[in-house]
Amino acid sequence: MTSTEVRNKFLEFFKSKEHRIVPSAPIVVKNDPTLMFTNAGMNQFKDYFLGNKAAKDVRVADTQKCLRVSGKHNDLEEVGVDTYHHTMFEMLGNWSFGDYFKKEAIAWAWELLTEVYKLDKTRLYVTVFEGDEADNLLADTEAEEIWKNYISADRILRCNKKDNFWEMGDTGPCGACSEIHYDLRSETERKERDGKTLVNADHPQVIELWNLVFMEFNRKADKTLEELPDKHVDTGMGLERVVRAIQLKNSNYDTDLFMNTIIELEKISGKNYGFDEKTDIAFRVIADHIRALSFCVADGQLPSNGGAGYVIRRILRRAVRYGYSYLCFEQPFLFKLVEKLASQFADIFPELNAQKDFVARVIEQEEVSFLRTLNSGLSRLENYFETGKSSVDGQVAFELYDTFGFPIDLTQLIAAERGMTVDMEGFQKALAEQKARSKADAAKETGDWNVVFDGEKEEFVGYDFTEAIIKITRYRTLTVKGKEKYQLVFNVTPFYAESGGQVGDTGLLTGTENNEKISVVDTQKENDLIVHIVNKLPENFHQNFEAKINLQNRENTAKNHSATHLVHAALRLVLGDHVAQKGSLVDPSKLRFDFSHFSKMTDEEIAKVEEIVNEKIAAGIELDEKRNVPYDMAIQSGVTALFGEKYGDVVRVITFGNNYSKELCGGTHVQNTSHIGRFKLVSETSVAAGVRRIEAITGDEAERFYTERLNLLSEVEQLLGNPSDLVKQVQQLLADQKSALKKIEMYEQAQVLGLKKELMSEIENRNGIHFLAKQISASNPAQIKDLLFQIRNEVDNLFAVLVADIDGKPSISIMISDNLVKEKNWNAGQLIRDWSKHIKGGGGGQPFFAQAGGSDVGGLPAVIENAQSLL
Ligand code: SER
């Protein structure tokens, strides 16, 4: 069975069990403060488990792109070194949201593995939860009994909380789980040692395939468990591992999921896989990491210096490091692997194929800049070696690891080549400190909700209303960097929560009973929950509140949001269809739009885009807003959907002109484009390789911009005496200035010539040395330098010191003929360092010529005296 068949059979199997097949959520997570990347198939369903939202379908299955490189689930260091962990992997999953439970989950897992995939039953083992005293949980005898219907009791193992109680993160849905393991060892090995002793023992051939989680609890921030309203099933099977089990391979990398990339890498590196463990690790690291990188970039996450972008950057650096050290790549190479990968996944994850050129470009650019960093890291290490220490300090090794992306084994390798060791204890300490810091940072942002009214699901009414009478359903206090932050959730809300680039609404709550006022300073989404950030908690939660949004801000934001749609469409018309949104920010004062495009926009292109948008504004196009459009229907009608966005089955479609702009969008908009008033593009810059950024203003901001410009123009006109033709007048002014400067230059040249003649006549002969020491007037040090070089060309055995007061600043210049430098060992650089003390300054140069500046012109005569007495 090929990997594609394995994937398809999984989805078909659960379809036949009445599951709805849904697409993978993007790998990069938005709107969840506890997660940066999707780390399990269940993430996108978190709200269903917690009871924040009702599931539309109670049985669902999919294949989910996951990344485990940060937070609770982090496998990065193992990846490539072993043969069965990955940064990015596909998790095949089936879910029950309050529907079936253990009996069906176990029965179907067994049926799929043994009857569809036809795995060897004698190689299978299962585990169940043994219970945990601290959490007051009993052993999962229920699952154990069910398993006994399928597998002999001696193949059912009880395991502890670490392996058999699954939690998404430090907080969130969790429950006991039952894992299915497979023994891939040879017949002889299996006879020698019972496979069950190797389950959960990190044996490379006895591996976990599938995890069936029985979700029953929510882990709260105070670490206690709270029962969920319903019982759910969450299963996750590693596609890479099950394919390996079916294809009977020794390693996940030997399956058809990775071999394409490995063969490509063999071609471009000229090395072979499977001959040397060191290079094999590099092959595996690269084959794994390029998938993680490509899919994250395709889902909109660009490498950067913080957050999720930094995680991506670190993965790329790890891959480049291994390529550089073990496969001898000194030039970018990773980007060359994108093409094959994109076509391999074209059917199941088309987002990569659709953007392969962009993705390759981003990766290549990042490689180029890291190879540069790498070289500076290497020279940092070289400098360190020169200090003559016998061991590399742990802190330095950590800096190389953290800032320059050097894996620690590489630093050890380079150190060993110099007969040095690395202070590993110090390195581990610095690493542990960093981990503790980031853990503390993450923990600070989470806290538990306090329920005021239960059972009420939140409803957003802000498309139709700007105020509403609301009830508070829950509240929470978070401590962020020592400061308390208060959050509220309502039953209904007119407040728009930040999403799709549009900032959250601000506004005011007024208690209908006690008239207390609470400011809403921001509105944010947490998964699908609308969270109102307020300046204080109410005195009385149990009353109705009048909730009003700040209307002015909302209106200005709507202008900018609608203008963003108009400009997006204009960019595609002017630059081409390759333009895809890569980021956007819409607030009351401006709009910012990032999009894929490979070159700087020309002035003509910018003008054209502005012209089109302003035409669409002038045309007064009515907003056409359609809610609850089935996703497929919307796509068929030609809407622009964004890569890396998670869309539901029904979507909202915003159209401005049927043939002009049609987007899937949750934001707030103007009723008619004429309300935007005016559009002005104020900047066009680059944000990353292949990504351009424009900033623009609309409405009053744009009016203000034009008024300020006009005022500026009037000021200039006045300064120039209100000429009839301003441009001509400025051109004349520039021409006059140019010719005046030319004249000044001519006069200066003549002056220098005169000065030179004068100075030549003043040169004295002291014991065969042509000596000159004098204060002159000059307009800059370069002029004096030029003069001294001219004199040197005409006079031999020269020792000349010229000082000047240049607009109140002292300057010293010394020129010595080469033969005197040699014979007498005189050094202009040294002399100037001594003499510049007189003028409270400093300078330097070479033995034959040096210059210095300072701050005290009063010291110039002392310099001349020094020169006199030297001779
Ligand atoms: N959430 C579980 C896991 O990630 C099963 O899907 O292993």
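Here is a short report on the structure shown in this document. Within any chain, residue numbers begin from 1 and follow the written order of that chain's sequence. Residue-level local features of this predicted model are given only where pLDDT is at least 70; pairs of side-chain atoms are given and counted only at 80 or more, and the full residue set underlies all totals for whole chains, interfaces and linings. In computing side-chain values, all of the structure's heavy atoms are included and hydrogens and water are not.

### A word on the packing of helix α21 (residues 726-762) against helix α22 (residues 781-794)
What describes two packed helices is the angle between their axes and the distance between those same axes.
Phase 1 of the analysis: All axes here are fitted lines through C-alpha atoms, helices being fitted over the stretch that makes contact, and every angle between N-to-C directions spans 0 to 180 degrees. A run of DSSP states H or I qualifies as a helix once it reaches four residues; a run of E qualifies as a strand once it reaches two. Both are numbered from the N-terminal end. Following both chains from N to C, one finds α21 and α22 inclined at 45°, their axes separated by 11 Å at the closest point. Here α21 lies oblique to α22, going by the angle between them. α21 and α22 meet at a crossing whose hand is right-handed. On α22, the residues touching E748, V752, L755, K756, L759 and M760 of α21 are Q783, L787, Q790, I791 and E794. Comment on the angle field: the value is read as roughly parallel under 35 degrees, roughly antiparallel over 145, roughly perpendicular from 65 to 115, and oblique elsewhere. Two helices crossing with the near one rotated counterclockwise from the far one by less than a right angle form a left-handed crossing, whereas a clockwise rotation gives a right-handed crossing. Residue contacts are counted whenever heavy atoms from the two residues lie within 4.5 Å of one another.

### Quick look at the site of the ligand
Phase 1 of the analysis: Being near a molecule or strand, for a residue, comes down to having at least one heavy atom within 4 Å of it. Surveying the vicinity of the ligand reveals the residues A40, M42, R68, M91, W166, N211, V213, D234, T235 and G236.
Phase 2 of the analysis: Taking N211, its side chain carries an N or O atom lying 3.2 Å from an oxygen atom of the ligand.
Phase 3 of the analysis: Definition of a polar contact: a pair of N or O atoms within 3.5 Å, with one able to donate and the other able to accept a hydrogen when the atoms are protein atoms, and with sequence-neighbouring residues admitted only if both atoms are side-chain atoms. The separation between an oxygen atom of the ligand and a polar main-chain atom of T235 is 3.3 Å.
Phase 4 of the analysis: Residue contributions to the shell around the ligand peak at 3 residues, all from strand β11 (residues 225-238).
Phase 5 of the analysis: Considering only residue class, the shell around the ligand consists of 5 nonpolar, 3 polar and 2 charged. Just so you know the grouping, Ala, Val, Leu, Ile, Met, Phe, Trp, Tyr, Cys and Pro go in nonpolar, Asp, Glu, Lys and Arg go in charged, and all remaining residues, Gly too, go in polar.

### Some remarks on the nonpolar core
Phase 1 of the analysis: Counting 120 residues, the largest nonpolar core has F10, Y117, W147, W210 and L334 as the members making the most contacts within it.
Phase 2 of the analysis: Top contributing element to this core by residue count: helix α9 (residues 277-298), with 13 residues.
Phase 3 of the analysis: When neighbours within four sequence positions are excluded, W147 is seen to be in contact with I106, W110, V126, V128, I156, S178, I180 and L212.
Phase 4 of the analysis: The term nonpolar core refers to a set of buried residues drawn from Ala, Val, Leu, Ile, Met, Phe, Trp, Tyr and Cys, joined through side-chain atoms within 4.5 Å. Only protein chains enter the calculation, and the probe is 1.4 Å; a residue is then buried if its accessible area is under 20% of its type maximum, exposed if over 50%, and partly exposed in between. Listed in part, the 43 residues of the second largest apolar core include L755, I763, I784 and L798.

### Regarding empty space enclosed by the protein
Phase 1 of the analysis: Lining residues are those with an atom within 4 Å of a point, where the points come from a 1 Å grid over the protein atoms alone and group into cavities, where a 1.4 Å probe fits but cannot get out, or pockets, open sets with protein on both sides within 12 Å along at least five of seven lines. Grid points are joined across faces, edges and corners, and a volume is the space filled by probe spheres set on the points. A complete count under the given rule lists 1 cavity of 30 Å³ or more for this structure.
Phase 2 of the analysis: Here the largest cavity defines a volume of roughly 30 Å³.
Phase 3 of the analysis: As for the largest cavity, its lining consists of R321, Y322, S325, Y326, P407, D409 and L410.
Phase 4 of the analysis: With 4 residues, the single largest contributor to the lining of the largest cavity is helix α10 (residues 307-326).
Phase 5 of the analysis: Residues belonging to the lining of the largest cavity are distributed by class as follows: 4 nonpolar, 1 polar and 2 charged.

### Observations regarding the side chain of T255
Phase 1 of the analysis: Take T255: it is sitting in the loop between α7 (239-247) and α8 (256-269).
Phase 2 of the analysis: By relative accessible area, T255 is classed as buried at 0%.
Phase 3 of the analysis: Filtering out sequence-adjacent residues up to four positions away, T255 remains in contact with E240, V243, R244, Q247 and K249.

### Side note on the sheet that holds strand β22 (residues 529-534)
Phase 1 of the analysis: Pairing is antiparallel in the open sheet, where 8 strands are placed in the order β14-β17-β18-β22-β21-β20-β23-β16. Of all strands in the sheet, those bounded by a partner on one side alone are β14 (450-451) and β16 (467-470).
Phase 2 of the analysis: By this definition, two strands are paired if DSSP reports at least two bridges between them. Inspection of the sheet shows β14 paired to strand β17 (residues 472-480) by 2 bridges, in the antiparallel sense. What sits directly across from N450, in β17, is Y475.

### Regarding the packing of helix α17 (residues 551-575) against helix α18 (residues 603-618)
Phase 1 of the analysis: The N-to-C vectors of α17 and α18 enclose an angle of 135°; their axes lie 9 Å apart at closest approach. One element, α17, and the other, α18, form an angle in the oblique class. Crossing geometry of α17 relative to α18 is assigned as right-handed. Where α17 approaches α18, its residues L566, V567, A570, L571, L573, V574 and L575 are matched on the opposing element by E605, K608, V609, I612, V613, K616 and I617.
Phase 2 of the analysis: Class assignment for the residues of the contact of α17 with α18 results in 11 nonpolar, no polar and 3 charged.

### Thoughts on the packing of aromatic side chains
A ring pair, where both rings are aromatic, is described by two values, the distance of the centres and the angle of the planes.
Phase 1 of the analysis: Each aromatic pair joins two rings of Phe, Tyr and Trp (for Trp, the six-membered one) with centres within 6.5 Å, and gets the label stacked for planes under 30 degrees apart, edge-to-face for over 60, and tilted for any other angle. One pass over the full model with this rule turns up 35 aromatic pairs.
Phase 2 of the analysis: Between F295 and F349, the ring centres sit 5.6 Å apart and the planes meet at 80°, which makes this aromatic pair edge-to-face. Taken together, the positions of F295 in helix α9 and F349 in the loop between α11 (338-344) and α12 (350-354) put the pair 54 residues apart, joining distant regions of the chain.
Phase 3 of the analysis: By relative accessible area, F349 is classed as buried at 3%.
Phase 4 of the analysis: Each residue in the set F45, Y48, F49, W95 and F97 is aromatic and connected to the rest through ring pairs, giving one cluster.
Phase 5 of the analysis: For R155, the ring lying beneath its charged end belongs to Y125, and the centroid distance is 4.6 Å. Geometrically, a charge over a ring is one whose NZ (Lys) or CZ (Arg) sits within 6 Å of the ring centre while staying within 35 degrees of the ring normal.

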